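Examination of the molecular architecture
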2 protein chains.
Amino acid sequence: MNMPNRTCIMRLSRYRNAIIRLKALNFVRVFSDNLADAASVTAAQVRKDFSIFGIAGHRRGGYQVDDLLSKLSKILGKDQIQEIILVGVGNIGKALLHYPGFEKSGIRIVVGFDIDPTKHIADTNIPILPLEKMHDYILTNNIKLGIIAVPDYAAQQVLEMMKSAGIKGVLNFAPICLRESADCVINNVNLVTELENIIYFIKAGDNARSK
Amino acid sequence: MNMPNRTCIMRLSRYRNAIIRLKALNFVRVFSDNLADAASVTAAQVRKDFSIFGIAGHRRGGYQVDDLLSKLSKILGKDQIQEIILVGVGNIGKALLHYPGFEKSGIRIVVGFDIDPTKHIADTNIPILPLEKMHDYILTNNIKLGIIAVPDYAAQQVLEMMKSAGIKGVLNFAPICLRESADCVINNVNLVTELENIIYFIKAGDNARSK
């Protein structure tokens, strides 16, 4: 099997999201063209992505929605609840604690850690603990996933603490690029960088038009 | 000039963030190796990215920090304040209104729109207006940038409203993949997809080790 890359897995997530919506509309079959439209890719790309995982459709019949959904769910680890910890309960951290999309997708934030654990959230039952309890919590509960939402200067240290306790994957919102290592996968989400990217391409478009 | 792609512009943002930090440490010169370390790329990549924009260093002397910073700032449109509107003042929207990283980077959210404008934010001065005022606001204030933080079912409609009023770039947090068009650049940020991506690669690592 070819090893899929990150963008391939991103697309599988999108296909799966689209299938869930189509299933809600009572679709029983779905075609690569449908998924291509929903994920803004070509139908050939959809079929290629599926073929990496040995998922084959019928030329005229497309894919069975239920079968495809269960296969994609298994690949993406959605066949079980994923427990995740959050470090940093500031503005971004609080928003993530309230984000309904995670629970819907089988991802559950089980605890928040902060240097100031009095940052209690009134309207959730998720406990907020002091940072020094993190190491034991990760070990005791066998947690593999963490979200970093601390200020930039604290991010690297929090990452090291997480890794030493056994965290294997991190979603980082601190505005600094944390480095991946062999024992820990990292996705850096930098909101400012995303906006700067858009700004550049708007300006580039303006320049092209004014020439 | 070669047209830079999105990942190139993302790297320029990272270089710029690193340079700002190095400047705070009183660096006067910086080398491609420094920036490579900070952005987790190779030094050759740094030099290649800079060469696209005609930025050249001195072989032994590296780059002048001030000069490099002002060039990158100009490329990324940071030489002027970027005004941006936010649509959807739920959990994610509220967090973005409070996110200190934008203001620091010269990006200012000037107004929020929501179908329920009573969603007032106590501790900011940013006004929250009803959605039907958006069109006029965008036109009157010549706004080009918007953030979508509404539920998935409303996202496409909000995008069309934005585009019809003249918005040219959108950062989308709704968990649906909005499609780019010739007249509007879109960056989709899907938090669930980011996490699913990490989960997949953790599982793939586990499988590889157990073989």
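Parameters and conventions
Residues numbered from 1 in each chain as written. Chains lettered and ligands numbered in written order. Predicted model: local features only at pLDDT ≥ 70, side-chain atom pairs only at ≥ 80, totals over all residues. Heavy atoms only, no water. Helix = DSSP H or I, 4+ residues; strand = E, 2+ residues; numbered from the N terminus. Buried < 20%, exposed > 50% of the residue type's maximum accessible area, 1.4 Å probe, protein only. Areas by Shrake-Rupley, 256 points an atom, 1.4 Å probe, with all protein chains shown as cover. Lys, Arg positive; Asp, Glu negative; His and termini not counted. Charge placed at Lys NZ, Arg CZ, Asp CG, Glu CD. Least-squares fit on C-alpha atoms with pLDDT ≥ 70 in both. pLDDT = per-residue confidence, 0-100. Pairing = 2+ DSSP bridges. Axes fitted to C-alpha atoms, helices over the stretch in contact; angles between N-to-C directions. Contact = heavy atoms within 4.5 Å. Buried area = accessible area lost by both parts, 1.4 Å probe. Salt bridge = Lys/Arg side-chain N within 4 Å of Asp/Glu carboxyl O. Polar contact = N/O pair within 3.5 Å; in protein donor to acceptor, adjacent residues only side chain to side chain. Nonpolar A, V, L, I, M, F, W, Y, C, P; charged D, E, K, R; others polar. Arc of directions from axis to C-beta. 1 Å grid on protein atoms, 1.4 Å probe; cavity = no way out; pocket = protein on both sides within 12 Å on 5 of 7 lines; lining within 4 Å. Points joined across faces, edges and corners; volume = space filled by probe spheres on them.

This part is about the overall build of chain A. Counting its regular elements, chain A contains nine helices and eight strands. Across its three principal directions, the C-alpha atoms of chain A cover 60 × 55 × 35 Å. When burial is assessed residue by residue, chain A has 54% of its 211 residues classed as buried. For chain A, the exposed surface amounts to about 10300 Å²; the carbon and sulfur share of it is 52%. Distance between charge centroids for chain A: 9 Å, based on 26 positive and 20 negative side chains.

Now for the relation of the copies chain A and chain B. Both copies of the chain are related through a single rotation about an axis accompanied by a shift along the same axis. When chain A is brought onto chain B, the operation consists of a screw motion whose angular component is 180° and whose axial shift is 0.0 Å, with 0.0 Å RMSD remaining. Between the two chains, the operation in question is that of a two-fold axis. Closest approach to the rotation axis among the C-alpha atoms of chain A is made by A:Ala95, whose C-alpha sits 2.9 Å away.

Our focus in this paragraph is the confidence of the model for chain A. Reading predicted coordinates in detail is not appropriate for stretches of low pLDDT. Looking at chain A, the pLDDT average stands at 87 and 95% of residues meet or exceed 70. Highest mean pLDDT in chain A belongs to helix α7 (residues 134–141) of chain A (97); lowest belongs to helix α9 (residues 191–210) of chain A (77).

So, on to the sheet that holds strand β3 (residues 82–87) of chain B. Residue and element names in this part refer to chain B. Strand order in the open sheet formed by six strands is β5-β4-β3-β6-β7-β8, with parallel pairing between adjacent strands. Each edge of the open sheet is held by one strand with a lone partner, namely β5 (128–130) and β8 (185–188). Along the sheet, successive strands turn relative to each other by an average axial angle of 25°, direction set aside. Contacts between helix α8 (residues 152–165) and the sheet are confined to β3, β6 (145–148), β7 (169–172) and β8, with β6 contributing the most and set at about 170° to the helix.

Each side of the interface is counted separately: chain A has 65 residues, and chain B has 65 residues. Here chain A meets chain B over a buried area of about 5900 Å², counting both sides, of which 65% is carbon and sulfur. The largest per-residue losses of area from chain A upon contact with chain B belong to A:Leu195, A:Glu196 and A:Tyr200, which jointly make up 11% of the total buried on that side. At the boundary of chain A and chain B, one finds four salt bridges. Where chain A meets chain B, there are 14 residue pairs in polar contact (both at pLDDT 80 or more). With 14 residues, the single largest contributor to the side of chain A that touches chain B is α9(A). When the residues that make up the side of chain A that touches chain B are grouped by side-chain class, the tally is 35 nonpolar, 15 polar and 15 charged.

The next point concerns the environment of A:Gly62. Residues and elements named next belong to chain A. Here Gly62 is to be found in the loop between α3 (43–52) and β2 (63–64). Gly62 sits 31 residues away from Phe31 along the chain, and the two C-alpha atoms are 4.6 Å apart. Apart from the residues lying within four places of it in its own chain, the contact partners of Gly62 are Val30, Phe31 and Gly57.

All names here are of chain B. Turning to helix α4 (residues 65–75), its buried residues are Val65, Leu68, Leu69, Leu72, Ser73 and Ile75. Relative to the axis of α4, the buried residues are bounded by an arc of 160° and lie together on one face. Residues of α4 that are exposed and point more than 90 degrees away from the buried face comprise Asp66 and Lys74. Phi for Gly77, located one or two positions after α4, is positive at around 75°.

Attention shifts here to the layout of surface pockets. Looking at the second largest pocket, its volume works out to about 890 Å³. Around the second largest pocket, the lining is made up of 37 residues, and of these A:Val150, A:Pro151, A:Asp152, A:Pro175 and B:Lys104 lie nearest the centre. Considering every element that reaches the lining of the second largest pocket, the biggest residue donor is helix α8 (residues 152–165) of chain A, with six residues. Here the lining of the second largest pocket is built from residues that sort into 19 nonpolar, ten polar and eight charged.

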